[in-house]
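So you can see what is in the structure, the chains are spelled out below.
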Amino acid sequence: MKKKLFVAIIFVAVSVIGLFFYRQPVKIATPPIFSSSKIATSSLRVIFFDVGQGDSALIITPQDKTILVDGGPDDKVLTKLGKYLPLSQKKIDYMILTHPHADHLDGLVSVLKRYDVGVVYYSGVAHTTYSFLEWLKLIKEKNITMKTIDKPQVLELDSGIKLDFLYPNKDLSGIEIKGQEESKFAKINNLNNVSIIFKLIYGRTKFLFTGDAETPVEEELLKDKADLRADVLKVAHHGSHSSTNDKFLKAVQPQMAVISSGLGNDFGHPHLRTLRRLERNSVKIFRTDTDGDVEMASDGEAIK
Ligand SMILES: [Zn+2]
């Protein structure tokens, strides 16, 4: 009798211990899955594409909204979008054309053919090139909403994430740039100086996008006391010495700068003088010509 009781006790004990060990892995597995997905969904990603001599950058918000800023000089942008977006994704929520020079515009024509674009932002300034007319035609055919930046304004993306448009600070729409020809905006004789300038803000972190704007625009923004302060500066005009002057840099106070230019380009971009100015201001420089694509992530507190 005692032997049977002993066997029964052992049986119960083994079952209880077995149950305990069986349940244990389930409990352990839960927390890491939860926390890692939380990290992934709270990051804002900004990728400055290496598209050769030109500009193109993709912003992906924590809630997967996409903003494409310029498209570089050709189809390379399609390969880049394929690399950083899920294969099934055919939607770009916002397309921003900073200004209609070919090294910013031409890739956007290919993007319009391949992707569904939600809203297009531009400065309203027309150009006479085939690419620009093709770009306009596709936008019209696809019935895409077009918005003109004709004054400082803010676009809310996700909660806590916004685009703060600083320039053009006036209505430039309908202006066609033809060399040095006089117009009612006599100062604007250079397409670079109709570039859209905006700040991407997420929590405490800020990225300043400058297109190809040159020193006259920088001085105008300084005179207007625009809030230029940013952690990352997308250096204007591929690092040309005609942009990024000292006073402007002092107002932005960036920790990091990204220069988008093509290896061995004919313009000598980035210029040594600009590189020196950035170094003097203790700015860490990233270059698409030597570093390839430059990817940054922000959690709203810091940028990696
Ligand atoms: Zn350019």
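- The name given to the protein chain in an unreviewed UniProt entry is Metallo-beta-lactamase family protein, with the source organism recorded as Candidatus Magasanikbacteria bacterium GW2011_GWC2_41_17.

1. Re the sheet that holds strand β8 (residues 161–167)
For step 1, the next point in the chain: Read across the sheet, seven strands follow the order β7-β8-β9-β10-β11-β12-β13 without closing on themselves; strand pairing throughout is mixed. Because the sheet does not close on itself, it has two edges, and the strands there are β7 (153–156) and β13 (284–287). Across the sheet, the mean angle separating the axes of adjacent strands is 20 degrees when strand polarity is ignored.
For step 2, the next point in the chain: Its contacts with the sheet place helix α5 (residues 215–223) against β8 and β9 (197–202), and it is angled at close to 110 degrees to β8.
For step 3, the next point in the chain: Here helix α7 (residues 272–280) sits on the sheet in contact with β12 (256–259) and β13, set at roughly 145 degrees to β13.

2. A word on the coordination of the zinc ion
For step 1, the next point in the chain: Bound to the zinc ion on the protein side are Asp103 (OD), His104 (NE2), Asp212 (OD) and His238 (NE2), at distances that span 2.1 Å.
For step 2, the next point in the chain: Metal-centred angles of 86 to 156 degrees between the four donor atoms at the zinc ion mark the site as irregular.
For step 3, the next point in the chain: Written as a sequence motif, the donor residues of the zinc ion are D-H-x107-D-x25-H. Here Asp103 is found in helix α3 (residues 102–114), whereas its partner Asp212 is found in the loop between β10 (205–209) and α5, with 109 residues between them in sequence. Of the two residues, Asp103 and Asp212, both sit in the buried class.

3. What to know about the confidence of the model for the protein chain
For step 1, the next point in the chain: Averaged over every residue, the pLDDT of the protein chain is 86; residues scoring 70 or more account for 82%.
For step 2, the next point in the chain: Every residue in residues 12–40 is under pLDDT 50, and counting partners more than four places away or in other chains gives zero contacts.
For step 3, the next point in the chain: Scored below 50 in pLDDT, residues 179–187 shows six contacts in the model against residues more than four places distant or in partner chains.

4. Let's talk about the packing of α3 against helix α4 (residues 130–141)
In helix packing, the relevant descriptors are the interaxial angle and the interaxial distance, both defined with respect to the helix axes.
For step 1, the next point in the chain: It is the contact of α3 with α4, at a shortest axis distance of 9 Å, that shows an interaxial angle of 30 degrees. Here α3 is positioned roughly parallel relative to α4, judged by the angle of their axes. Considering only the axes of α3 and α4, their crossing is left-handed. Contact residues: α3 offers Leu105, Asp106, Leu108, Val109, Leu112 and Lys113, while α4 offers Ser131, Phe132, Glu134, Trp135, Leu138 and Ile139.
For step 2, the next point in the chain: In the contact of α3 with α4, the residues fall into eight nonpolar, one polar and three charged.

5. A word on empty space enclosed by the protein
For step 1, the next point in the chain: According to the stated counting rule, one finds two cavities of 30 Å³ or more in the structure shown.
For step 2, the next point in the chain: Here the largest cavity is characterised by a volume of approximately 80 Å³.
For step 3, the next point in the chain: Lining of the largest cavity is provided by Phe48, Phe49, Asp55, Ser56, Ala57, Val69, Asp70, Thr98, Phe209, Gly211, Lys234 and Ser260.
For step 4, the next point in the chain: A breakdown of the residues in the lining of the largest cavity according to their chemical character gives five nonpolar, four polar and three charged.

6. Overview of the side chain of Ser56
For step 1, the next point in the chain: The topology assignment puts Ser56 in the loop between β1 (44–48) and β2 (57–60).
For step 2, the next point in the chain: Among the polar contacts made by the side chain of Ser56, one reaches the main-chain carbonyl oxygen of Asp70 at a distance of 2.9 Å.
For step 3, the next point in the chain: Apart from the residues lying within four places of it in its own chain, the contact partners of Ser56 are Ile47, Phe48, Phe49, Val51, Leu68, Val69, Asp70, Gly71, Gly72 and Val77.

7. Points about the packing of helix α2 (residues 76–84) against α3
For step 1, the next point in the chain: The contact between α2 and α3 brings their axes to 8 Å, and the two run at 55 degrees. Relative to α3, α2 is oriented oblique. Every residue of α3 that contacts α2 at Val77, Leu78 and Leu81 is listed here: Gly107, Ser110, Val111 and Arg114.
For step 2, the next point in the chain: Across the contact of α2 with α3, the residue classes break down as four nonpolar, two polar and one charged.

Criteria and thresholds
Residues numbered from 1 in each chain as written. Predicted model: local features only at pLDDT ≥ 70, side-chain atom pairs only at ≥ 80, totals over all residues. Heavy atoms only, no water. Pairing = 2+ DSSP bridges. Helix = DSSP H or I, 4+ residues; strand = E, 2+ residues; numbered from the N terminus. Axes fitted to C-alpha atoms, helices over the stretch in contact; angles between N-to-C directions. Contact = heavy atoms within 4.5 Å. Donors = N, O, S within 2.8 Å, 3.2 Å for Na, K, Ca; no water. Tetrahedral: all angles 85-135°; square planar, octahedral: opposite > 155°, others 65-115°. Buried < 20%, exposed > 50% of the residue type's maximum accessible area, 1.4 Å probe, protein only. pLDDT = per-residue confidence, 0-100. Parallel < 35°, antiparallel > 145°, perpendicular 65-115°, else oblique. Left-handed = near helix turned anticlockwise from the far one by under 90°. Nonpolar A, V, L, I, M, F, W, Y, C, P; charged D, E, K, R; others polar. 1 Å grid on protein atoms, 1.4 Å probe; cavity = no way out; pocket = protein on both sides within 12 Å on 5 of 7 lines; lining within 4 Å. Points joined across faces, edges and corners; volume = space filled by probe spheres on them. Polar contact = N/O pair within 3.5 Å; in protein donor to acceptor, adjacent residues only side chain to side chain.

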